[in-house]
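Chains, contacts and geometry: an overview
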Amino acid sequence: MLEMYKKVVFENYANFSGRARRQEYWMFFLVNIIISFVLGFVAGLISPSLVIIANIYSLAVLLPGIAVGVRRMHDVGKSGWFIIIPFYNLYLCCIEGEKGPNQYGADPKNQLEEINEIGKE
């Protein structure tokens, strides 16, 4: 779970190209919600003026959150702009991605895809 979060935040901070599996998207979403809740709750208990820490965290993960959402749209074969359409983007985030490569990149589920393509020219 934390590996997926680290992959999105540290390795693909502002990477809008490629594809993201459902697991990558939803694990980032889950860990982000947990961290935001804990930061907000603890900061609110200590001092209401410390809630700014939770706000700074939210701003820090805004860009990777958008990036993983765009890559998730790419995985289902849609443009990243579909992330701004309410409810339809939730549906797209829940369905399985296209099998095999599409115009946005290789299938993230099939790690051996390049090996299978050897000699097929």
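Presented here is a report on the structure given in the accompanying data block. (Residues numbered from 1 in each chain as written. Predicted model: local features only at pLDDT ≥ 70, side-chain atom pairs only at ≥ 80, totals over all residues. Heavy atoms only, no water.)

Considerations on the overall build of the protein
Looking only at helices and strands, one finds 6 helices and 0 strands in the protein. In the protein, the order of α-helices and β-strands from amino to carboxyl end is α-α-α-α-α-α. Each principal axis of the C-alpha distribution contributes one length, and for the protein these read about 65 × 30 × 20 Å. Within the protein, the proportion of its 121 residues that are buried is 31%. (Helix = DSSP H or I, 4+ residues; strand = E, 2+ residues; numbered from the N terminus. Buried < 20%, exposed > 50% of the residue type's maximum accessible area, 1.4 Å probe, protein only.)

Regarding the nonpolar core
Grouped together as the largest cluster of nonpolar side chains are 14 residues, with contacts concentrated most on Y5, F28, V61 and V68. If you list the elements that add at least two residues to this core, you get α1 (2-11), α2 (22-46), α4 (62-75) and α5 (88-94). (Core = buried A, V, L, I, M, F, W, Y, C linked by side-chain atoms within 4.5 Å.)

Brief notes about the packing of α2 against helix α3 (residues 52-60)
Contact geometry of α2 with α3 gives a least axis separation of 8 Å together with a crossing angle of 160 degrees. Taken together, the axis directions place α2 and α3 in an arrangement best described as roughly antiparallel. α3 is crossed by α2, and the crossing has right-handed handedness. In this structure, α2 uses N32, I35, S36, L39 and G40 to contact α3, whose residues at the interface are I53, A54, Y57 and S58. In terms of residue class, the contact of α2 with α3 is built from 5 nonpolar, 4 polar and no charged. (Axes fitted to C-alpha atoms, helices over the stretch in contact; angles between N-to-C directions. Parallel < 35°, antiparallel > 145°, perpendicular 65-115°, else oblique. Left-handed = near helix turned anticlockwise from the far one by under 90°. Contact = heavy atoms within 4.5 Å. Nonpolar A, V, L, I, M, F, W, Y, C, P; charged D, E, K, R; others polar.)

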